[in-house]
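The chain contents come next:
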Amino acid sequence: MSEQPSPYGSGSQAGASDAAAAPVKRIRTHHLRSMKERGERWTMLTSYDMYTAQIFDEAGIEVLLVGDSASNNVLGNETSLPVTVDELIPLTRAVARSARRALVLADLPFGSYQASEEQAYLTAARFMKEAGAHGVKLEGGAEMAATIRKLTDGGIPVCAHIGFTPQSEHTLGGYRVQGRGDAAERVLRDAHAVAEAGAFAVVMEMVPGDVAAQVTKELAIPTVGIGAGAETDAQVLVWQDAFGLRSGRMPRFVKQYVDVRSVLLEGARAYAHDVRAGTFPGPEHTF
């Protein structure tokens, strides 16, 4: 498959030909909105380290999300709830240092922003100042409108997250689709509330496709789907799910594009075999 050119300049980091190419531009929130206006879809992936940030950036992924999903995909917790601000800031810093083109979003973890607008602003400011994030993501709909307004008025871009919100899994009764039947009106109200409060985009998770399509049609800001059908302006997945680092049962909305786990497992077994057999290191690996 031929490489698709980026509308924002080359993402390559090497090569003399780059000198004649258009300069690399950092993607900003207005670029994402312009893409929606032109009917162009864009992509978001999670990233928690320098190498995936560099690879996904080179691949042309527009937004890298340092998600609170690091809790259960990097740090070994069962859910996203235990991860802390202090744990996420170094991960965000690594991604922000490594991505030349993508917009880097940091998730605000559970308990770090719900208490007050001031708490939310101070937490978000840490991600901007200490980690180099270009914006933050927070969960909640109409009830978070005042907080979103506080952050955006203070110079912090905000991506909202409605529908199924993992930080509220206990009050929502577990991982359940949100917005079916009469509940669709709440999704619509939440979407309009966060947009009017100043969010530059809104993630909709586990929302019926027809509801997500209606929200996308009604809002001027981009919508990002995860388990919300094909009519949103963008899609987001956890990279360990999408590329097969994680094994086991996957959510219905996940498509696995490669099987990274099997490649790593095969390599690790081959390395262990060579060491035990005395064939590594060989003369070519010895000074």
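What you see is a predicted model; the values in this text were computed from it and never measured.

Engineer: Residue-level account of helix H4 (residues 85-98), with values.
Structural biologist: Look at H4: 20 Å from first C-alpha to last across 14 residues, which is about the 20 Å you get at 1.5 Å a residue. Among the residues of H4, Val 85, Leu 88, Ile 89, Leu 91, Thr 92, Val 95, Ala 96 and Ser 98 are the ones counted as buried.

Engineer: Lay out the UniProt feature "active site" (unreviewed entry) in the chain in plain terms, naming residues and giving numbers.
Structural biologist: Mapped onto the present numbering, the UniProt feature "active site" (unreviewed entry) falls at Glu 205. Tracing the chain through its elements places Glu 205 in strand E6 (residues 201-205). Its relative accessible area of 8% is what places Glu 205 among the buried residues.

Engineer: Tell me about the UniProt feature "binding site: Mg(2+)" (unreviewed entry) in the chain, residues and numbers included.
Structural biologist: Taken from the UniProt record, the annotation "binding site: Mg(2+)" (unreviewed entry) applies to Asp 68, Asp 107 and Glu 139. These annotated residues cover 72 residues of sequence, and their C-alpha atoms all fall within 10.9 Å of one another, placing them together at a single site. Within the element layout of this structure, Asp 107 appears in strand E3 (residues 103-107). Excluding its chain neighbours within four sequence positions, the residues that come into contact with Asp 107 are Leu 65, Val 66, Gly 67, Asp 68, Leu 88, Phe 127 and Lys 137. In this fold, Glu 139 is placed in strand E4 (residues 135-139). Glu 139 sits in the buried class, given a relative accessible area of 6%. Excluding residues within four positions of it along the chain, Glu 139 makes contact with Asp 68, Tyr 113, Met 144, His 161, Thr 165, Pro 166, Gln 167 and Ser 168.

Engineer: Account for a nonpolar patch on the surface, with residues named and values stated.
Structural biologist: There is a patch of nonpolar side chains on the surface, built from Met 50, Tyr 51 and Ile 55 and spanning about 330 Å² of accessible area. Classification of Met 50 as partly exposed rests on a relative accessible area of 36%.

Cut-offs and rules
- Residues numbered from 1 in each chain as written.
- Predicted model: local features only at pLDDT ≥ 70, side-chain atom pairs only at ≥ 80, totals over all residues.
- Heavy atoms only, no water.
- Helix = DSSP H or I, 4+ residues; strand = E, 2+ residues; numbered from the N terminus.
- Expected span 1.5 Å × (residues − 1).
- Buried < 20%, exposed > 50% of the residue type's maximum accessible area, 1.4 Å probe, protein only.
- UniProt positions renumbered as here; feature names shortened; annotations may be inferred.
- Contact = heavy atoms within 4.5 Å.
- Patch = residues over 30% accessible without salt bridge, like charges linked within 9 Å, V, L, I, M, F, W, Y side chains within 5 Å.
- Areas by Shrake-Rupley, 256 points an atom, 1.4 Å probe, with all protein chains shown as cover.
- Salt bridge = Lys/Arg side-chain N within 4 Å of Asp/Glu carboxyl O.

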